[in-house]
Amino acid sequence: MKKRIRAAIFLITILILILVFLFPLYLVLKISLSKPQDIFVEKPTYLIKNFTFEHFKSVLLSGETFLNPLKKSLLTGILASILGLLVSIPAAYSISKFNYKLKYALILVIFMTRMIPEISIALPITISFIKIGLFDNILGLTLAHLIRILPVSCFILVGVFSGFPDELERQARIDGASASKAFIKVVLPLSLGGITVAGIFSFLLSWDEFIYASYLTLARPTMPIKMYYYISRGDIFSSATYAVIITIPVLILTFALQKYIKPDFLSGAIKG
Amino acid sequence: MADLRLVNINKNFDKVQALSGVNLTIKQGSFCVILGPSGCGKSTLLNLIAGLEEASQGKVYLGEKEITGLPPHKRNMAMVFQNYALYPHLSVFENIAFGLRIKKEKEKQIKEKIEQVSKALNLEDKLGRLPRELSGGEKQRVATGRAIVRDPELFLFDEPLSNLDARLRVELRSQFIKLHQRIKKTIIYVTHDQLEAMALGEIIVVIKNGRIQQISPAQELYAVPQNLFVASFIGSPPMNIIKFTLKKKDTKIQLIKENLVIELTNDVTQKILSYLGQDIYLGFRPSAVRFGPAGQIKGKVIFIENIGEDSYAHIEIIEGTEIIAKVNDKDARVGKNSVNFNIDNQAMHFFDLQEKRI
Ligand SMILES: Nc1ncnc2c1ncn2[C@@H]1O[C@H](COP(=O)(O)OP(=O)(O)O)[C@@H](O)[C@H]1O
Ligand SMILES: [Mg+2]
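Residues numbered from 1 in each chain as written. Chains lettered and ligands numbered in written order. Predicted model: local features only at pLDDT ≥ 70, side-chain atom pairs only at ≥ 80, totals over all residues. Heavy atoms only, no water.

What follows covers the interface of chain A and chain B. The interface is formed by 16 residues belonging to chain A together with 25 residues belonging to chain B. Counting the surface lost from both chain A and chain B, the interface buries some 1900 Å², and carbon and sulfur atoms represent 60% of this. Summed over the three residues of chain A that lose the most area to chain B, namely A:Arg170, A:Ile174 and A:Asp175, the buried surface amounts to 34% of that side. The interface formed by chain A and chain B contains three salt bridges. For A:Asp175, the salt bridge identified is with B:Arg150, shortest N-O distance 3.6 Å. Taken together, chain A and chain B are joined by eight residue pairs in polar contact (both at pLDDT 80 or more). Elements with a minimum of two residues in the side of chain A that touches chain B: α8 (166-174) and α9 (179-190) of chain A. With seven residues, α8(A) is the largest single contributor of residues to the side of chain A that touches chain B. Tallied by class, the residues present in the side of chain A that touches chain B amount to seven nonpolar, three polar and six charged. (Contact = heavy atoms within 4.5 Å. Buried area = accessible area lost by both parts, 1.4 Å probe. Salt bridge = Lys/Arg side-chain N within 4 Å of Asp/Glu carboxyl O. Polar contact = N/O pair within 3.5 Å; in protein donor to acceptor, adjacent residues only side chain to side chain. Helix = DSSP H or I, 4+ residues; strand = E, 2+ residues; numbered from the N terminus. Nonpolar A, V, L, I, M, F, W, Y, C, P; charged D, E, K, R; others polar.)

Here it is, written out as C-alpha cells:
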C-alpha cells in the first residue's frame, strides 16, 4: 500500500514537471496554429479556438525564403557532425587508452574550451573568418559550430571506447591485425551505436545554434536566424511556426536516442 | 619454428609487480602448462609472449631471434582468451576466417581451410550462427578453431576451459591433447586448476606472485615439490604440512611438536641432519599414512569424507592440528574415536624455514 502511494506521488510529480516543461512548447504550437484574432486579445484562451494551417502554409510555401535557411541549416549540421566525428573519433579513441586519471584530466581540459562564453569569442572569430573568406558560408559556420561540438562528441566517444572490451581488440591484434586495422575492423563496427549517438548530438548542437550563426551570416541565414528575423519584425506567427519546425527534428531525434541517454551510457555500458 | 626463451623478465603495472625474474625456455613442439593461483601473473606472462604487453625489463627470444618489442601481428602466434573474445558482429564462419582475411588469402582457400577446421571441431552446422547463439562449449571450440586455422607457430591458451562446467571441462581437455598430437606445435596453456595441469602438461611451470616456483614434468612436480608452495598447491586433497623441531635422542632422530614425537628411520635422516635443533616443515600426502595398532602417532578421527572411490579421514593429532589421511578398504575399521598410524618415511618431504625443499 505504501509502495503504491509512493509510486503515485512519483508519477504525479513527473506529470507536473512534464507539463511545466511542455507548456511553453504548447504555447508556441498553439500560436502557430491559431488565427490572429484569437491571439491578439486581452485574455487569450489556452485552447485553440479557430484552428488554421495558414501560417504553416505561408512559411512552407514561401519558396527560397524558407528553403534556403533550411538547406543551410541542414548542410551545416550534417557537415559539422561528419567533420566532428572525423576529428573526435581518433581523438577520443586515443584518450580512451590513457589511464583513468589522465583520461578525466584530458576531458576536463577539453571542456574548458567551453568555459569561454561564445558571445565573446564569436567576434574575433568573425573578424578572422572575414579575412580568410569564411564569412557567410557553410564551411565557416561549420568550423565555428565545431567549437561547441567537439568537446561533447569527444566526451561521448571516450565513454563509448572506454567501455569497449579490451579483449576483442587484443584478439584482433593476435589474429594478425595491426593496431589501425584492429580499430577499423573490430572497434569501429562494434561502436557504431555510440558513434551514431555522438553524430546526432553533434547535428543537434549545430541545428539550433544561434550566436555564431548571428555573427557569421549576412545574406544567407540559418533557420534560427530566420526565426529571429521574424521575431525582430514582430511577426509572431511566422516565428512561432519556425520554432515548431526547428523543434520537431530535435524532438524526434531525442526520442529516438532516449535509450542511449542514460546515466550508465557514458560509463560505457553500451553494447554494440 | 623454434624454442621460446624468456630471459630475466620483469613486468610492473604502476605499483604492482606482476612478474619478477622470469627465466623460462619452452622447447619447440612441447605442451607447456603454466599453473598458479589467480592473480599470480599467468595472463601477463602470456600477453608478454604474444606481444600484447611489453616487459618492463628482460628479453624474449624465438630461436635466435629477439622478439621483445615485436607487435603481436608480426609474431604469428595464436591465442585463445578466457572469455573466447569472439567477434559478436561476425558469424562463426567469419570469426574463424578473420585472420585469413587479414592475411588476404584467396576466398577458395579460406573456404577449404574452414571446412577442414570446422569438421575437426564438429562445428560444420554452426558456421552461419552468431556467437550469441552458441553454447559455452561451442564458443570455446570456435575460439580454438580460429586459432588453429591460422596455422601459427605457437598456441597460447589462457584458461580456455575455466568458464565451462566441470563435466565439459574434462571432456574438452582431451581435445587439447589430441590437437597437440596432431599438429605437433608448441602449446602454452595457462590454468589455475592443478588437476587440469597434471592431466595436460608434459612440462608444468608453477608460478606464485609473479615468480616461477618450479618447472617440472607433472609426475616430478607431484613427487618432488621444490618448495612448500608447490607441495601444498599440487595434489588433492592437499599435502599435510606441519612444523616440527628436529631433535636427536640417543641414536634416533625425532620430530617433536608439543607432546607429539615422531621417530624417523635412519635412511631418511641423512639429508636433514644439519637441521638438528632447528625447526623444519614436514610434508606428507594423505596417501602416505599407514594405519596400524603399532603406529606411533595417535589421533582422533573428526570425520570421514567419501569422494567417489576414495575416503579421506580428517584426524586431529594434537589440539588444533588436523591432518588428512587416505583410508583404504582394509582400513575400514578406522571408525570414530582414536586411531594409530605411521607416516611412510620414504614419502616424507622436508622443507626449511625459507620453505625450500631439503
Ligand atoms: N593492465 C593492468 N594494469 C594494472 N595491473 C594489472 C594489469 N594486468 C594485470 N595486472 C595485475 O597484475 C597481476 C597479475 O595479473 P594476471 O596476469 O592477470 O594474473 P592471472 O592471469 O594469473 O590471474 C595482478 O595483481 C593484476 O591485478
Ligand atoms: Mg588470467
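Residues and elements named next belong to chain B. For ligand 1, the full set of nearby residues is Phe13, Val16, Ala18, Pro37, Ser38, Gly39, Cys40, Gly41, Lys42, Ser43 and Thr44. With respect to ligand 1, the backbone of cysteine 40 contributes an N or O atom lying 3.2 Å from an oxygen atom. Contact with the protein chains covers 60% of the free accessible surface of ligand 1, which is 560 Å². Listing elements by their share of the shell around ligand 1, those giving two or more residues are β2 (16-26) and α1 (42-50). Residue composition of the shell around ligand 1, by class: five nonpolar, five polar and one charged. (Near = heavy atom within 4 Å. Areas by Shrake-Rupley, 256 points an atom, 1.4 Å probe, with all protein chains shown as cover.)

What follows covers the confidence of the model for chain B. Across chain B, the average pLDDT comes to 91, with 98% of residues at or above 70. Of the two predicted TM-score estimates for the complex, the pTM is 0.83 and the ipTM is 0.82. (pLDDT = per-residue confidence, 0-100.)

A few words now on the pattern of salt bridges. Summed over the entire model, instances satisfying the criterion amount to 21 salt bridges over all chains. For A:Glu118, the salt bridge identified is with A:Arg114, shortest N-O distance 3.8 Å. Salt bridges linked by common partners bring A:Asp166, A:Arg170, B:Lys11 and B:Glu53 together as one network.

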